[in-house]
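One letter stands for each residue in the lines below.
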Amino acid sequence: MERRELLRLLASAGALPLFAPLARAAGTADATGGDNWQAQFEAASAPWKTGFATPANDLPLTRATVRGRFPDAVAGTLFRVGPAGHDMGGERYHHWFDGDGMVHRFVIDGADVRHQGRYVATPKRVAEVRAGRRLYETFGTMPPGGESPTSADSINVANTSVLPLQGEVLALWEGGSATRIDARTLDTLGVKTWRADLAGMPFSAHPKVDPDGTVWNFGVSSGQGLLALYEIAPEGTLRRAAVVPVADMPMVHDFAVTERHLVFLMPPLVYDNKRKEAGSTFLDAHVWRPELGMRALVVDKHDWERRQMLELPAGFLFHVGNAWEEDTPRGTLIHVDYVRSDNTDSVFISNREVMRARRVRGADPHLTVATLNLGTGKATQVALAQEAEFPRIDPRRVGLRHRQVVHATQIRPDLPGFGAVARTDVETGRSQRFSYGTQAIVEEHVFVPDGKKPGWVLGTAFDFGRQKTVLSCFAADHLAAGPVAQATLPYALPLGLHGAFVPA
Ligand SMILES: [Fe+2]
């Protein structure tokens, strides 16, 4: 691509990466209708609803009660982030993913664990707190009187994941810039601009870090049908960025890397500019088009012009575990495991209804292992038995052959979220799990390496029986034996999304 053409595309994407200009009356209702969600949430009796409540303020550094002792390998800080600011001025968002982000740090040192949580002071949150009401439409909600955003970053909620990089923490959304956070104070330092001409470009919440520290990421510019690609050096400087066109641009939340490729699984949930222009929320502007199948876009890491599209059966996903490749007489094979659902109920229904404390079960997501044959262009997949979400692997195995995936798994489908944490061998399907019981909702657990030893699994859960959040550490090879150490906070945190561990 000519540099001039690239810059033209980048500029158009940066100006309005997510949202086409709207010709709608202010306050147009979204597809969920009605506007008494706040009252419905407050009237609900479900004991788990606290997980979707809005902390009034930042949460100052607080010591947890610790049972056992956290191993030396997990001495350090677990950073997490999630939607937390769900209501304001008597109005409640209609989607879990809408809330203003709160970033957390759990500082772990043996039998001492302290927690701090702070709202990310995005321009959107600062403006809305000042106004005392919502000003803008979001991913899944059109607040009454809400305005069309002027740019993606004007509605950036920084609520999805974190990327520790060079002593800072980036709070990630996916529609706009990463937000820089001070790792020690959780102060918001401003948006991250990788290069002046990339200001405001979408930067996904699921960057991948190669074993050598190289960071790969992407961003979806739905309205323009562009996929932005980023390569960032271990020291945090941008090496390369470009955009590539994608027909029928779908919702892509996560991706994978191998030693030589970037791998995008593209569910047939396709953005439709016309729906957006007619007044839909960003979410409702997406149309399920199963005839497209699940497209798998494979991009050469070193030559982004070399791209190949394969096709799997239609399905939906948020998350990918890992991918790796091998050269065989039949061609280069890419193995990629991901969490597949038959449909989009989770994003359109389940993760909406929890905002008025209703549990509506969606399609059960299952760990699925796909094989992409770059020689023949054929793709196949096998579903494993395990229900799963929030897959994580040993960070040293990103892009390399791995077997163990740590993930949340289901034990009581009548409640939202997941009740157990599991570790599954994606080659044999063998799995072990620890159940938090029927009074808890499991959040993401991460794998923490420990030299040549089996390592540790570290993660949080909301114990709604006690209305407290717990942080647990398990021996990775004896997950079912239960936590070797557990810290209990004196309060419940809003249920979050992703995290990252940084050793001391
Ligand atoms: Fe995610």
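Residues numbered from 1 in each chain as written. Predicted model: local features only at pLDDT ≥ 70, side-chain atom pairs only at ≥ 80, totals over all residues. Heavy atoms only, no water.

Some remarks on the overall build of the protein chain
Scanning the protein chain from N- to C-terminus turns up 5 helices and 34 strands. What you see for the protein chain is a C-alpha radius of gyration of 21 Å, in line with the 23 Å of a compact globule of 504 residues. Dimensions of the protein chain along its principal axes, counting C-alpha atoms only, are 60 × 60 × 40 Å. A buried classification covers 63% of the 504 residues belonging to the protein chain. Put simply, 62% of the contacts in the protein chain that link residues at least 6 apart link residues at least 24 apart. Working note: accessible area of the protein chain is about 18,500 Å², and carbon and sulfur atoms make up 51% of it. Side chains of the protein chain carry 55 positive and 56 negative charges; the gap between the two charge centres is 3 Å. (Helix = DSSP H or I, 4+ residues; strand = E, 2+ residues; numbered from the N terminus. Rg over C-alpha atoms; globule rule 2.2 N^0.38 Å. Buried < 20%, exposed > 50% of the residue type's maximum accessible area, 1.4 Å probe, protein only. Contact = heavy atoms within 4.5 Å. Areas by Shrake-Rupley, 256 points an atom, 1.4 Å probe, with all protein chains shown as cover. Lys, Arg positive; Asp, Glu negative; His and termini not counted. Charge placed at Lys NZ, Arg CZ, Asp CG, Glu CD.)

Quick word on the nonpolar core
Counting 44 residues, the largest nonpolar core has Trp-48, Phe-52, Trp-96, Val-347, Val-421 and Tyr-436 as the members making the most contacts within it. Contributions of two or more residues to this core are made by helix H2 (37-43), strand S18 (269-271), strand S22 (316-328), helix H5 (345-353), strand S27 (404-409), strand S30 (440-450), strand S31 (453-463) and strand S32 (468-475). With 4 residues, S30 is the single largest residue contributor to this core. Residues in contact with Phe-52, not counting those within four places in the same chain, are Phe-41, His-86, Arg-92, Trp-96, Val-354, Met-355 and Leu-495. Counting 27 residues, the second-largest nonpolar core is a separate cluster that includes Trp-216, Val-244, Val-299 and Val-339. (Core = buried A, V, L, I, M, F, W, Y, C linked by side-chain atoms within 4.5 Å.)

Quick notes on the coordination of the iron ion
Taken together, His-206 (NE2), His-253 (NE2), His-319 (NE2) and His-498 (NE2) make up the protein donors of the iron ion, found 2.0 to 2.1 Å from the metal. Here the iron ion binds 4 donor atoms, and the angle range of 90 to 164 degrees at the metal identifies the geometry as irregular. Sequence positions of the residues that donate to the iron ion give the spacing H-x46-H-x65-H-x178-H. You can see His-253 sitting in the loop between strand S15 (238-245) and strand S16 (256-257) and its partner His-498 sitting in the loop between strand S33 (485-488) and strand S34 (499-503), a full 245 residues away along the chain. (Donors = N, O, S within 2.8 Å, 3.2 Å for Na, K, Ca; no water. Tetrahedral: all angles 85-135°; square planar, octahedral: opposite > 155°, others 65-115°.)

A few points about the layout of surface pockets
The method is simple in principle: a probe with the dimensions of a water molecule rolls over the atoms, and the space it marks as empty is what remains. Estimated volume of the largest pocket: approximately 990 Å³. In terms of lining, the largest pocket is formed by 40 residues, of which the most central are Val-209, Arg-392, Pro-395, Val-398 and Ala-500. Counting residues per element, the ones that place at least two in the lining of the largest pocket are strand S8 (161-165), strand S12 (208-209), S22, strand S26 (389-392), S30 and S34. (1 Å grid on protein atoms, 1.4 Å probe; cavity = no way out; pocket = protein on both sides within 12 Å on 5 of 7 lines; lining within 4 Å. Points joined across faces, edges and corners; volume = space filled by probe spheres on them.)

Some details on the sheet that holds S12
Strand order in the open sheet made by the 4 strands is S12-S13-S14-S15, with antiparallel pairing throughout. Looking at the sheet topology across the chains shown, the edges are occupied by S12 and S15. One ladder, built from 2 bridges, connects S12 with strand S13 (residues 215-221); its direction is antiparallel. Note on S13: the bridge partner recorded for Lys-208 is Trp-216. (Pairing = 2+ DSSP bridges.)

Re the side chain of Arg-423
Mapped onto the elements, Arg-423 comes out in strand S28 (residues 420-425). Separated by 3.2 Å, the side chain of Arg-423 and the backbone oxygen of Ala-476 make a polar contact. Once residues within four sequence positions are removed from consideration, Arg-423 is found in contact with Gln-404, Val-405, Val-406, Arg-430, Ser-431, Gln-432, Ala-476, Asp-477 and Leu-479. (Polar contact = N/O pair within 3.5 Å; in protein donor to acceptor, adjacent residues only side chain to side chain.)

Describing the environment of Lys-378
Looking at the element boundaries, Lys-378 is found in the loop between strand S24 (366-373) and strand S25 (379-387). Taking relative accessible area as the criterion, Lys-378 reaches 60% and is therefore assigned exposed. Sequence-wise, Lys-378 and Leu-310 are 68 residues apart; in three dimensions their C-alpha atoms are separated by 6.4 Å. Beyond its immediate sequence surroundings of up to four residues, Lys-378 is in contact with Leu-310, Thr-371, Leu-372 and Asn-373.

Observations concerning the confidence of the model for the protein chain
Chain-level pLDDT for the protein chain is 93 on average; 93% of the residues reach the 70-or-more range. A low-confidence stretch, residues 13-29 (pLDDT under 50), is modelled with 57 contacts involving residues beyond four sequence positions or located in other chains. (pLDDT = per-residue confidence, 0-100.)

With respect to the packing of aromatic side chains
The full count for this structure, using the stated rule, is 17 aromatic pairs. On the basis of an interplanar angle of 75 degrees and a centroid distance of 5.7 Å, the ring pair of Phe-52 and Trp-96 is categorised as edge-to-face. Of this pair, Phe-52 sits in the loop between H2 and strand S1 (59-63) while Trp-96 sits in the loop between strand S5 (91-92) and strand S6 (100-109); the two residues are 44 residues apart in sequence, bridging distant segments of the chain. Relative accessible area serves as the criterion here: at 10%, Trp-96 is assigned to the buried category. The lysine or arginine in question, Arg-92, covers the ring of Phe-41, its NZ or CZ lying 3.5 Å from the ring centre. (Phe/Tyr/Trp six-rings, centres within 6.5 Å; stacked < 30°, edge-to-face > 60°. Lys NZ or Arg CZ within 6 Å of the ring centre and 35° of its normal.)

Notes on unusual backbone geometry
One non-glycine residue with positive phi stands out, namely Ala-357, at about 60 degrees. Structurally, Ala-357 is set in the loop between H5 and S24. Residue classification places Ala-357 among the buried positions, given a relative accessible area of 10%. For Phe-390, which is not glycine, the phi dihedral falls at a positive 50 degrees. Mapped onto the elements, Phe-390 comes out in strand S26.

As for the pairing of S33
Note on strand geometry: in a regular strand, side chains alternate between the two faces of the sheet. Neither face of S33 is exposed, since Ala-485 and Ala-487 on one face and Gln-486 and Thr-488 on the opposite face are all buried. As paired strands, strand S2 (residues 65-68) and S33 are joined by 4 bridges and run antiparallel to one another. Residue pairing for S33: Thr-65 is matched across the bridge by Thr-488. Summarising the sheet, S32 and S33 pair through 4 bridges and their orientation is antiparallel.

A closer look at H5
Of all 9 residues making up H5, 7 are buried, and the element is well covered by its neighbours. Along H5, the residues classified as buried are Ser-346, Val-347, Phe-348, Ser-350, Asn-351, Arg-352 and Glu-353. Packed against the buried residues of H5 are H2, S18, strand S19 (286-288) and S22.

A short note on the sheet that holds strand S9 (residues 168-172)
Across the sheet, 4 strands lie side by side as S8-S9-S10-S11; this open sheet has antiparallel pairing. For this open sheet the edge positions go to S8 and strand S11 (188-191), each flanked by a neighbour on one side alone. Across this sheet, the average inter-strand angle for adjacent strands is 25 degrees, counted without regard to direction. Pairing between strand S10 (residues 179-182) and S11: 3 bridges, direction antiparallel. Bridge assignment links Thr-179 to a residue of S11, and that residue is Val-191. (Axes fitted to C-alpha atoms, helices over the stretch in contact; angles between N-to-C directions.)

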